[in-house]
Amino acid sequence: MKDIYILGIESSCDETSCSIVKNGCEEISTVISSQIDIHKSFGGVVPEIASREHVKNITFVLEECLEKAKMTMDDIDAIALTYGPGLIGSLLIGLEAAKILSYLYQKPLIPVHHIAGHIYANSLVKPLEFPLLALVVSGGHTELIKMTDHFQFEKLGGTLDDAIGECYDKVARVMDLSYPGGPKVDELAHRGKPTYHLPIPLSDDSYNFSFSGLKSAVINLNHKEEQNGNTINKEDLAASFQKVAVESVVRKTRKAIEKEGIKHLIVAGGVAANKGLREEISKMCEEEQVDLSIPPMKFCTDNGAMIASAGYFAYKLGRVADYDLNSLSSVALQ
Ligand code: KG4
Ligand code: ZN
């Protein structure tokens, strides 16, 4: 069978990335240009600046990606791109780049939902086995998705307010840690002990999550200690927050596994890089005798390889778009 090479373009937030992936599972080359250092001084991503940086970077990222792979556009079978959700200006840069390449080189255009990309990052580790449960934990999403086949998504539950990554970043801000705070809170947590009492969010029978109460509890605790003239032990506060955040996610995931009779769990999204979550979810899967897949660190946060991988399976299903394709800042997983 002929090998299929997909070029994946990701530009939904503050990373401009291109990858070439073979047959949906083998990364040939990836280039990621991150804007973190630019947005750091603002304490978060500034959409207008992000769009301008994507414009500056996209051509260089694409050229370097092809060079690294020792390939030309003629070797590419199809072009996959993130069409949403994300920052609209940022998404449009990736979309236009993909359309131009598609038109110039006469290659099919494959639209990929950003969260489908995070889920399919796991195909770069091992083949997806259905039915599976995907725990999606990122800056914008906290969801439990059941998949019965490729691109057959059933949402079992999701966050009612903040996403877990957003909560990590806000807690980090209160602790004077620079953007993106998630990885820094994770680091601190590993040096501290969970000595502060924080409420477990939404401990009910649903598959939903809630993080805004936990975030407020951390802010209030910090504030109260400051008012009382006490110094907060940042390591211990991070450990206390992480323990509760991870526990709430693992608890609901375990419930879904038991009730839905799941045998395969995959974890997807930026927060899948969290060491505390990786440890606890591995432990839970061992206890439940569930096969677990978590992408390597480099494929947890935004990258073109996950889009190329999802693009391969979408291409096989004939999910090809025409030039009317538009970017969508908000769109349900499909
Ligand atoms: O998936 P992603 O790159 O972008 C979105 O699609 O949102 O995820 C970014 C999020 C940020 O909120 C970041 O703080 C969080 O993932 N993150 C982490 C860790 N690494 C990245 N959160 C907790 N612990 C980490 N190690
Ligand atoms: Zn993402």
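As shown above, the structure is provided for reference.
Predicted model, so just to flag it, every value in this text is computed and none were measured.

Attention shifts here to the pairing of strand 2 (residues 15-22). In terms of residue burial, strand 2 counts as a mostly covered element, since eight of its eight residues are buried. Note: strand 1 (residues 5-10) against strand 2, six bridges, orientation antiparallel. Each bridged residue has a counterpart across the sheet, and for G8 the counterpart in strand 2 is S19. In sequence, strand 1 turns back onto strand 2 through a hairpin of four residues. Linking two consecutive strands that pair antiparallel, namely strand 2 and strand 3 (residues 26-34), is a turn of three residues; a positive phi of about 50 degrees is found at N23 within it.

Turning our attention to the side chain of D162. Along the chain, D162 turns up in the loop between strand 8 (152-158) and helix 5 (164-174). A polar contact is formed between the side chain of D162 and the side chain of K215, at a distance of 2.8 Å. Setting aside anything within four residues of it in sequence, one finds D162 in contact with T142, K170, F211, S212 and K215.

Bound to the zinc ion (ligand 2) are the protein donor atoms H114 (NE2), H118 (NE2) and D302 (OD), situated 2.0 to 2.1 Å from the metal. Each donor residue of the zinc ion (ligand 2) belongs to the same chain, and together they define the spacing H-x3-H-x183-D. Residue H118 is found in helix 4 (residues 114-120), and its partner D302 is found in the loop between strand 10 (291-293) and helix 10 (304-316); the two are separated by 184 residues along the sequence.

Right, let's talk about the nonpolar core for a bit. L135, F241, L265, L277 and I281 are the most contacted members of the largest nonpolar core, which totals 48 residues. By residue number, the principal contributor to this core is helix 8 (residues 234-260), which donates 11 residues. In terms of nonpolar packing, the next biggest core, distinct from the first, is built from 32 residues, I6, A80, I115 and V136 among them.

What follows concerns the environment of L109. Take L109: it is sitting in strand 5 (residues 109-113). Spatially, the C-alpha atoms of L109 and C285 are 37 Å apart, while their sequence positions differ by 176 residues.

So, how was this worked out
- Residues numbered from 1 in each chain as written.
- Chains lettered and ligands numbered in written order.
- Predicted model: local features only at pLDDT ≥ 70, side-chain atom pairs only at ≥ 80, totals over all residues.
- Heavy atoms only, no water.
- Buried < 20%, exposed > 50% of the residue type's maximum accessible area, 1.4 Å probe, protein only.
- Helix = DSSP H or I, 4+ residues; strand = E, 2+ residues; numbered from the N terminus.
- Pairing = 2+ DSSP bridges.
- Polar contact = N/O pair within 3.5 Å; in protein donor to acceptor, adjacent residues only side chain to side chain.
- Contact = heavy atoms within 4.5 Å.
- Donors = N, O, S within 2.8 Å, 3.2 Å for Na, K, Ca; no water.
- Core = buried A, V, L, I, M, F, W, Y, C linked by side-chain atoms within 4.5 Å.

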